[in-house]
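Understanding the architecture of this molecule
The residues making up each chain are set out below.
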Amino acid sequence: MSAVSRPKNAAERRARVEKILAALQRKYPEAACALHHSNAWELLVATILSAQCTDERVNKVTPELFRKYPTMRDLAAVNEKELAQEIRSTGFFNNKAKSIAGAARKILSEFDGEIPRDMERLLTIPGAARKTANVVLGTAFGIASGVVVDTHVTRIANRLDLTKQKNPVKIEQDLMKAVPQARWIAFSHQVIHFGREICAARKPKCIECPMERLCYAKDKNI
C-alpha cells in the first residue's frame, strides 16, 4: 500500500479536511450525543458526570439519579455527601457532587432556573468548562459555539494532523479554524463515535477506517 502524502499548501489542506468531513458524514450520518437525557439540565448533569468516565457508565447512573432528584431544585437542596455516594462509580465523586449541587444553585439563583444559552454565562456555572458548555449548547440548543474536545477528539485530531496541540483549548481553536462552523456540532459527535468504534488509542482498526487513505499518522497499523 502506497504511503499517504501530506498536503503541501493551504488549498490541499482545505481539500483534505473536506474529504475527512465527507468520510465522517458518510460513516456516521445520524451521530448524536451518547449521554441519555430528556432536557438541558439533565444533559448538563450527565456531562459533568462524564469527566474521566465513560458515557456507558454515566448512562447506568443517571436513570436512578434523575428518578430520585427529578428537578433542579431537588439537586440544589441535596446532601452532597449522600449524592457523592450515589454517583461514586463515575469517579471523582466528591468534586462532581459539589459541582452538580453548585450548578443547580447557581442556575436557580442567577439564571431563573434556565440553562444559559451562551458560552460566557455557562462557563460561570460550577463544573462547566468549555467541553461541557459545548456539549450542552450544541446538543440541547443546536448552538455551534465551539467544538467538543474530549479524549477521542484530542487523539484523532492529532492523528489526522488537524492540530499539533495537546491542550484542549488550543486543540479546539485549531479545529474551529479548520472545520466550518456549520459542521462543529456534527463533527464533534462523529469523531467521538469514530474514536470509540475504529480509531482506538491502543489498537486502531486502520484496515476498517474510512479515512485510511487520508491518514499519515505515525502509529497507523497497516
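This section reports on the structure supplied with the text. From a predicted model like this one, the values you see are computed outputs, not experimental measurements.

Comments concerning the overall build of the protein chain
The helix and strand tally for the protein chain stands at 11 helices and 0 strands. Taken from N to C terminus, the helices and strands of the protein chain fall in the order α-α-α-α-α-α-α-α-α-α-α. Relative to the compact-globule value of 17 Å for 222 residues, the protein chain shows a C-alpha radius of gyration of 19 Å, a close match. Overall, the C-alpha framework of the protein chain stretches about 60 × 30 × 30 Å when taken along its three principal axes. Residue burial in the protein chain is summarised as follows: out of 222 residues, 48% are buried. Roughly 12,100 Å² of accessible area belongs to the protein chain as shown, and the carbon and sulfur atoms make up 51% of that amount.

A closer look at the side chain of arginine 155
One can find arginine 155 in helix α9 (residues 151–159). Despite being buried, arginine 155 has no salt bridge partner; aspartate 150 is the closest side chain of opposite charge, sitting 7.2 Å away. Residues contacting arginine 155, with those up to four places away along its chain left out, are Gly195, Cys199, Ala200 and Ala201.

So, the pattern of salt bridges
Any two side chains of opposite charge can pair, given that their charged atoms come close. Evaluated as defined, the whole model comprises 13 salt bridges. Linking glutamate 172 and arginine 130 is a salt bridge whose minimum nitrogen-to-oxygen distance equals 2.6 Å. Here the residue glutamate 172 occupies a position in helix α10 (residues 168–178), and arginine 130 occupies one in helix α8 (residues 130–141), the gap between them amounting to 42 residues. Judged by relative accessible area, glutamate 172 falls into the buried class, the value being 4%.

Here's the deal with helix α11 (residues 184–197)
Taking 1.5 Å as the rise per residue, α11 with 14 residues should run 20 Å; its terminal C-alpha atoms sit 20 Å apart, in good agreement. Within α11 the residues assigned to the buried category are Trp184, Phe187, Ser188, His189, Gln190, Val191, Ile192, Phe194 and Gly195.

Topic: the side chain of serine 99
Looking at where serine 99 falls in the secondary structure, it is placed in helix α6 (residues 93–110). Given a relative accessible area of 18%, serine 99 falls into the buried group. Apart from residues lying up to four places away in sequence, serine 99 is in contact with Ile48, Pro126 and Gly127.

Focus on the environment of arginine 67
Topologically, arginine 67 is positioned in helix α3 (residues 55–68). Accessibility expressed as a relative area gives 56% for arginine 67, which makes it exposed. Side-chain polar atoms of arginine 67 contact the side chain of glutamate 64, separated by 2.6 Å.

Here we look at the environment of isoleucine 207
Of note, isoleucine 207 is situated in the segment after α11. For the pair isoleucine 207 and threonine 163, spaced 44 residues apart in the sequence, the C-alpha separation amounts to 23 Å.

Examining unusual backbone geometry
Positive phi values are uncommon outside glycine, yet aspartate 112 reaches one of about 55 degrees. Mapped onto the secondary structure, aspartate 112 falls in the loop between α6 and α7 (119–122). A relative accessible area of 71% means that aspartate 112 is categorised as exposed.

Some remarks on the packing of helix α2 (residues 40–49) against α8
Where α2 meets α8, the axes come as close as 10 Å, and the angle between the chain directions of the two elements is 150 degrees. Taken together, the axis directions place α2 and α8 in an arrangement best described as roughly antiparallel. Crossing of α2 over α8 shows right-handed handedness. Contact with α2, carried on its side by Ala40, Leu43, Leu44, Thr47 and Ile48, involves Thr132, Val135, Val136, Thr139, Ala140 and Phe141 of α8 and no other residues of that element. Of the residues in the contact of α2 with α8, the class split is 8 nonpolar, 3 polar and no charged.

Observations regarding α6
An ideal rise of 1.5 Å per residue puts 26 Å on 18 residues; α6 measures up with 25 Å between its terminal C-alpha atoms. Listed in full, the buried residues belonging to α6 are Phe93, Lys96, Ala97, Ser99, Ile100, Ala101, Gly102, Ala103, Ala104, Lys106 and Ile107. In this structure, the buried side of α6 is in contact with α2, α4 (72–76) and α5 (80–86).

Parameters at a glance
- Residues numbered from 1 in each chain as written.
- Predicted model: local features only at pLDDT ≥ 70, side-chain atom pairs only at ≥ 80, totals over all residues.
- Heavy atoms only, no water.
- Helix = DSSP H or I, 4+ residues; strand = E, 2+ residues; numbered from the N terminus.
- Rg over C-alpha atoms; globule rule 2.2 N^0.38 Å.
- Buried < 20%, exposed > 50% of the residue type's maximum accessible area, 1.4 Å probe, protein only.
- Areas by Shrake-Rupley, 256 points an atom, 1.4 Å probe, with all protein chains shown as cover.
- Lys, Arg positive; Asp, Glu negative; His and termini not counted.
- Salt bridge = Lys/Arg side-chain N within 4 Å of Asp/Glu carboxyl O.
- Contact = heavy atoms within 4.5 Å.
- Expected span 1.5 Å × (residues − 1).
- Polar contact = N/O pair within 3.5 Å; in protein donor to acceptor, adjacent residues only side chain to side chain.
- Axes fitted to C-alpha atoms, helices over the stretch in contact; angles between N-to-C directions.
- Parallel < 35°, antiparallel > 145°, perpendicular 65-115°, else oblique.
- Left-handed = near helix turned anticlockwise from the far one by under 90°.
- Nonpolar A, V, L, I, M, F, W, Y, C, P; charged D, E, K, R; others polar.

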